[in-house]
Amino acid sequence: MTQEKIATYFEALTTSTQALAQDADISMIDALIEVLEDIHAGNIQHELDMPTAETTGKIQNLITDFDWQHMTQADLRKVLQLVILKANRDDKTPTNYQLTPDGIGYLLADFLSQTANLSDGDTIIDITVGTGNLLNTINDVLIMNNVKIKRIGIDNDDTQLALASAVDELLNQGTTEFYQEDVISTKDVPKSKAVIADLPVGYYPIQPGDDYDTRATEGRSFVHHLLIEKSLEFVTEDGWVYLIVPANILNGDNAKNLLKLVANKAQLKAFLQLPNEFFKDQRAAKAILVLQKKDVGTKTEVLMGQYPTLKDIAALKKFLQEIAAWVKLDKEQDSI
């Protein structure tokens, strides 16, 4: 699909969403959910004489012109992602609710596709799925590698899940399973060969159970630490955990309980800092943390490093070759 066509669809979706948001006096995200549901259903929901005739006409034209059923999954996801970004910007959505950018998603997906040993029918769980962009990015990469997976998304925010579900209806025919849960307190834990998450950063609002090694002894506990610990419950014995975390998470006094967790319950496989150019403020820099359960396979040297700028093709190629060499060695040692 041409960039011009993508821009045309983006403009039509955005215009319809803005009109509905103004008509119904709702947020852009809530309006976008309704518009996407209308597109999938092929007709327009009306409630309390809303939307107006003018807005109804805009949405009807969109339904007629938006040829989503014949678009490639990658092109459709690109259009939807741009509209979500616009809606988040207009709503001034908090950072923890922003979608995971493709640049980060593709780097994580590349490492996951090399290491997770996924086959058709295996499951990936995103324990902080949000609007689903990270899960869908990884799904795109796996499809390109001829692997068809089952997908589960969990989140505690009903609006985020509603948007993820509306997107999934268009992208994946509604085949992803979504659950609204507080992951940290849930006892109903499905298992998968790969667990992913772009972790929210901050404090958990209540005191977690005593069984959490990463709970703070005084004051509030870090939600991202608790989620790292909880992620190990969702993975099979031979599975892998891939988490996007603050780049400084393994440093400083706050890291003590987390390092204790890694020593007692997990095996640190890799810690890869993302390119600096991804972050305007380096205090917000992130990394990919990769774990397996303790005593799984043969322990290899932890893969650590930082992705170079994507503009330096030679340096990036060299770094990716180093990753591939580590993956090869890890698999060889596991087979001994």
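Provided above is the structure to which this section pertains.
S.K.: Before we go on, may I ask you to explain the packing of helix α2 (residues 28-41) against helix α3 (residues 53-65) in this structure?
M.R.: Remark: α2 packs on α3, axes separated minimally by 9 Å, with the N-to-C direction vectors making an angle of 50°. The orientation of α2 relative to α3 falls into the category oblique. Pair α2 / α3 crosses with right-handed handedness. Where α2 abuts α3, its residues Val35, Asp38 and Ile39 lie against Ile59, Leu62 and Ile63. A per-class count over the contact of α2 with α3 returns five nonpolar, no polar and one charged.

S.K.: Looking at this model, I keep getting lost on the sheet that holds strand β4 (residues 192-198). Mind explaining?
M.R.: Strands pair in a sheet through their backbones, by hydrogen bonds, and they do so in one of two ways: parallel or antiparallel. Sheet architecture is open: eight strands sit in the order β3-β2-β1-β4-β5-β7-β6-β8, paired in mixed fashion. Every interior strand has two partners, whereas the edge strands, β3 (177-180) and β8 (303-306), have only one. Strand after strand, the sheet turns through a mean of 15° between neighbouring axes, direction not considered. Here helix α7 (residues 158-172) sits on the sheet and contacts β2 (150-155) and β3; the angle it forms with β3, its principal contact strand, is near 175°. Across the face of the sheet, helix α8 (residues 223-234) comes into contact with β1 (123-126), β2, β4, β5 (235-246), β6 (266-273) and β7 (286-293) while running at roughly 160° to β5.

S.K.: Just to check I follow, could you spell out the packing of aromatic side chains for this structure?
M.R.: Aromatic ring pairs are reported here in terms of the distance separating the ring centres and the angle at which the planes meet. All told, the structure shown has seven aromatic pairs when counted by the stated rule. Summarising the aromatic geometry, the rings of Tyr307 and Phe319 are spaced 5.0 Å apart at their centres and angled 65° between planes, so their arrangement reads as edge-to-face. One end of the pair, Tyr307, is in the loop between β8 and α10 (313-334); the other, Phe319, is in helix α10, and twelve residues separate them in sequence. Assigned by exposure class, Tyr307 and Phe319 land together as buried.

S.K.: Sorry if this is basic, but what is going on with the layout of surface pockets here?
M.R.: To find leftover empty space, one rolls a probe the size of a water molecule over the atoms. When its volume is computed, the second largest pocket comes out at roughly 160 Å³. Its residues assigned to classes, the lining of the second largest pocket shows six nonpolar, two polar and two charged.

S.K.: Just checking my understanding: could you explain the side chain of Thr100 for this structure?
M.R.: Tracing the backbone through its elements, the reader meets Thr100 in the loop between α4 (73-91) and α5 (102-115). Assessed through its relative accessible area of 7%, Thr100 is described here as buried. Among the polar contacts listed, one links the side chain of Thr100 to the side chain of Asp198, at a separation of 2.7 Å. With near-sequence residues (within four places) excluded, Thr100 lies in contact with Gly105, Asn133, Leu134, Asp198 and Ile244.

S.K.: Explain the environment of Leu232 here, please?
M.R.: Mapped onto the elements of the fold, Leu232 is located in helix α8. Considering only alpha carbons, one finds Leu232 and Thr300, 68 residues apart in sequence, at a separation of 19 Å. Not counting the four nearest positions on each side in its chain, Leu232 is found in contact with Val241, Leu261, Lys265, Ala266, Leu291, Gln292 and Lys293.

S.K.: I keep staring at the nonpolar core and nothing clicks. Help me out?
M.R.: Within soluble globular proteins, side chains that are nonpolar tend to cluster in buried spots. Phe111, Leu112, Ile124 and Tyr242 are the most contacted members of the largest nonpolar core, which has 38 residues in total. At the level of secondary structure, the elements contributing two or more residues to this core comprise α5, α6 (133-144), β4, β5, β6, β7 and α10. Ranked by the residues each element gives to this core, the list is headed by α5, at six residues. Beyond its immediate stretch of four places on either side in the chain, Ile124 contacts Leu112, Leu118, Leu135, Ile138, Leu142, Ile149, Lys150, Arg151, Ile152, Ser192, Ala194 and Ile196. Of all hydrophobic cores here, the second largest spans 33 residues; its members include Val183, Val189, Leu258 and Val262.

Criteria and thresholds
Residues numbered from 1 in each chain as written. Predicted model: local features only at pLDDT ≥ 70, side-chain atom pairs only at ≥ 80, totals over all residues. Heavy atoms only, no water. Axes fitted to C-alpha atoms, helices over the stretch in contact; angles between N-to-C directions. Helix = DSSP H or I, 4+ residues; strand = E, 2+ residues; numbered from the N terminus. Parallel < 35°, antiparallel > 145°, perpendicular 65-115°, else oblique. Left-handed = near helix turned anticlockwise from the far one by under 90°. Contact = heavy atoms within 4.5 Å. Nonpolar A, V, L, I, M, F, W, Y, C, P; charged D, E, K, R; others polar. Pairing = 2+ DSSP bridges. Phe/Tyr/Trp six-rings, centres within 6.5 Å; stacked < 30°, edge-to-face > 60°. Buried < 20%, exposed > 50% of the residue type's maximum accessible area, 1.4 Å probe, protein only. 1 Å grid on protein atoms, 1.4 Å probe; cavity = no way out; pocket = protein on both sides within 12 Å on 5 of 7 lines; lining within 4 Å. Points joined across faces, edges and corners; volume = space filled by probe spheres on them. Polar contact = N/O pair within 3.5 Å; in protein donor to acceptor, adjacent residues only side chain to side chain. Core = buried A, V, L, I, M, F, W, Y, C linked by side-chain atoms within 4.5 Å.

On their own, these measurements won't tell you what the molecule is for.
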